Amino acid sequence: MADGKARRMWALPNAELTVPQALLMHGGAPDLVTIPCPAYLIEHEKGLVLFDTGCHPAVADDPVAHWGPFAEHLQVSYPKEMLLDRQIQALGYKMSDIKYVLISHLHLDHTGYMHAFPNATFIIMQDELRYAYWPEPHLRDVFVFKDIVPTRGFQWLELNGDFDIFGDGSLHMLKTPGHTPGESSLHVRLPNRSILLVGDTLHLREQFNTLSGMPLDTDPAASSLSIQRLRAIRDLHECTVWISHDPEDWDELPHAPTAIE
Ligand SMILES: [Zn+2]
């Protein structure tokens, strides 16, 4: 296998949502849990790459006004210093420095800043964009049209399966469907460690034991297979699986401004 490496990665904190654990996984408790909604900035010799884009800045002022009725069930904490543009600028970069934006899926806590990268190349799995435009009625509220429509004229690269972004093995986008039709994960190989970012393929570590997804998944059977795939990668490859929304996982690795190498 190609043995290229990305130079470094920053985990960018963004909004935090407080929701019942039962919303995050089948079999979860009614107890509330506060989860991070991070994005990840990756420096590669071919340019800066962003994985996911956090929540829209308007959510910091009024979540229900921007997100609609779904936000009525959430407690949102989104201090202004957590806005994605401020996080990126604090690292010394301009938004226009980002050349590639990789999207795990199009739920509202991942699409908030897509509008801010009109000159970037967006990469996503096939089926995700079309599904987000017309989801099944009971899942409509987790896709926010206002986040997606402004990107319609952007340059989108739609993948029909796993893709080695730069052909050097450093960034490998993996198709892990089920949470949504085009859900994907990203395997990041850095100089000293290898990290698998899982998108929302699973939300909490316990799902590696239950192998079941969450109530908003579009395809529970596919979701379970994708969790099995990630578990196999965790067990058979030398890498750290980092579950973005799991509060304990989030605390285990450094966040920006500290880079992970
Ligand atoms: Zn999601």
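Residues numbered from 1 in each chain as written. Predicted model: local features only at pLDDT ≥ 70, side-chain atom pairs only at ≥ 80, totals over all residues. Heavy atoms only, no water.

> Can you explain the overall build of the chain? Please cite residues and give values.
Of regular secondary structure, the chain possesses nine helices and 14 strands. What you see for the chain is a C-alpha radius of gyration of 17 Å, in line with the 18 Å of a compact globule of 261 residues. Seen along its three principal axes, the alpha-carbon backbone of the chain occupies a region of about 45 × 40 × 35 Å. Counting all 261 residues of the chain, 57% fall into the buried class. Considering only contacts in the chain between residues 6 or more positions apart, those separated by 24 or more positions represent 66%. (Helix = DSSP H or I, 4+ residues; strand = E, 2+ residues; numbered from the N terminus. Rg over C-alpha atoms; globule rule 2.2 N^0.38 Å. Buried < 20%, exposed > 50% of the residue type's maximum accessible area, 1.4 Å probe, protein only. Contact = heavy atoms within 4.5 Å.)

> Can you break down the pattern of salt bridges residue by residue, with the values?
Enumeration according to the criterion identifies nine salt bridges in this entry. Of the charged contacts in the structure, one is a salt bridge between D162 and R229, with a shortest N-O distance of 2.6 Å. Pair noted here: D162 is in the loop between β9 (155-159) and β10 (163-164) and R229 is in helix α8 (residues 220-236), with a separation of 67 residues, a long-range link. Measuring nitrogen to oxygen at the nearest pair gives 2.9 Å for the salt bridge that ties R234 to D235. Under the relative-accessibility criterion, R234 is labelled partly exposed at 34%. Judged by relative accessible area, which is 49%, D235 ranks as partly exposed. If you follow the salt bridges from partner to partner, you end up with R7, R8 and E43 in one network. (Salt bridge = Lys/Arg side-chain N within 4 Å of Asp/Glu carboxyl O.)

> Describe the environment of V188, naming the residues involved and giving the relevant values.
Within the secondary structure, V188 is located in strand β12 (residues 184-189). Measuring from C-alpha to C-alpha, the distance between V188 and P63 comes to 32 Å, with 125 residues separating the pair along the chain. Excluding anything up to four places from it in sequence, V188 contacts M9, I42, S170, L171, R193, S194, I195 and L197.

> A description of the coordination of the zinc ion should follow, citing residues and the corresponding values.
The coordination sphere of the zinc ion contains the protein donors H105 (NE2), H107 (ND1), H179 (NE2) and D200 (OD), at a distance range of 2.2 Å. For the zinc ion, the four donor atoms in the first shell make angles of 86 to 169° at the metal, so the coordination geometry reads as irregular. Mapping the donors of the zinc ion onto the primary sequence gives the spacing H-x1-H-x71-H-x20-D. Here H107 is found in the loop between β7 (98-102) and β8 (121-125), whereas its partner D200 is found in the loop between β13 (194-197) and α7 (207-210), with 93 residues between them in sequence. With respect to class, H107 is no different from D200; both count as buried. (Donors = N, O, S within 2.8 Å, 3.2 Å for Na, K, Ca; no water. Tetrahedral: all angles 85-135°; square planar, octahedral: opposite > 155°, others 65-115°.)

> Explain unusual backbone geometry to me, using residue names and the numbers behind them.
Between A256 and P257 the backbone carries a cis peptide bond, its omega angle lying at 15°. Checked against the element boundaries, P257 lands in the segment after α9 (247-252). We note that D127 has phi near 85°; this positive angle belongs to a residue other than glycine. Looking at where D127 falls in the secondary structure, it is placed in the loop between β8 and α5 (128-133). Backbone geometry at L211 places phi at a positive 55°, although glycine is not the residue there.

> Any details on the packing of aromatic side chains? Residues and values, ideally.
Working definition: an aromatic ring pair is given by the centre-to-centre distance plus the angle between the planes. Summed over all chains, the structure comprises nine aromatic pairs. An angle of 80° between the planes, with centres 5.6 Å apart, marks the rings of Y133 and F145 as edge-to-face. One end of the pair, Y133, is in helix α5; the other, F145, is in helix α6 (residues 145-148), and 12 residues separate them in sequence. A residue is classified by how much of its surface remains accessible, and F145, at 47% relative accessible area, is partly exposed. Aromatic pair W242 and W250: ring centres 5.8 Å apart, planes at 20°, arrangement stacked. Assigned by exposure class, W242 and W250 land together as buried. Here the aromatic residues Y40, F51, W242 and W250 are joined through ring pairs into a cluster of three or more. Taking the ring centre of F208 as reference, the NZ or CZ of R234 above it sits at 4.6 Å. (Phe/Tyr/Trp six-rings, centres within 6.5 Å; stacked < 30°, edge-to-face > 60°. Lys NZ or Arg CZ within 6 Å of the ring centre and 35° of its normal.)

> Residue-level account of α8, with values.
With 17 residues, α8 ought to run about 24 Å at 1.5 Å a step, and its terminal C-alpha atoms sit 24 Å apart, in line with that. Looking only at α8, the buried set comprises A222, S223, S224, S226, I227, L230 and I233. Packing partners of the buried residues in α8 comprise β11 (171-175), β12, β13, α7 and β14 (240-242). (Expected span 1.5 Å × (residues − 1).)

Functional significance is not addressed by these values, which are geometric in nature.
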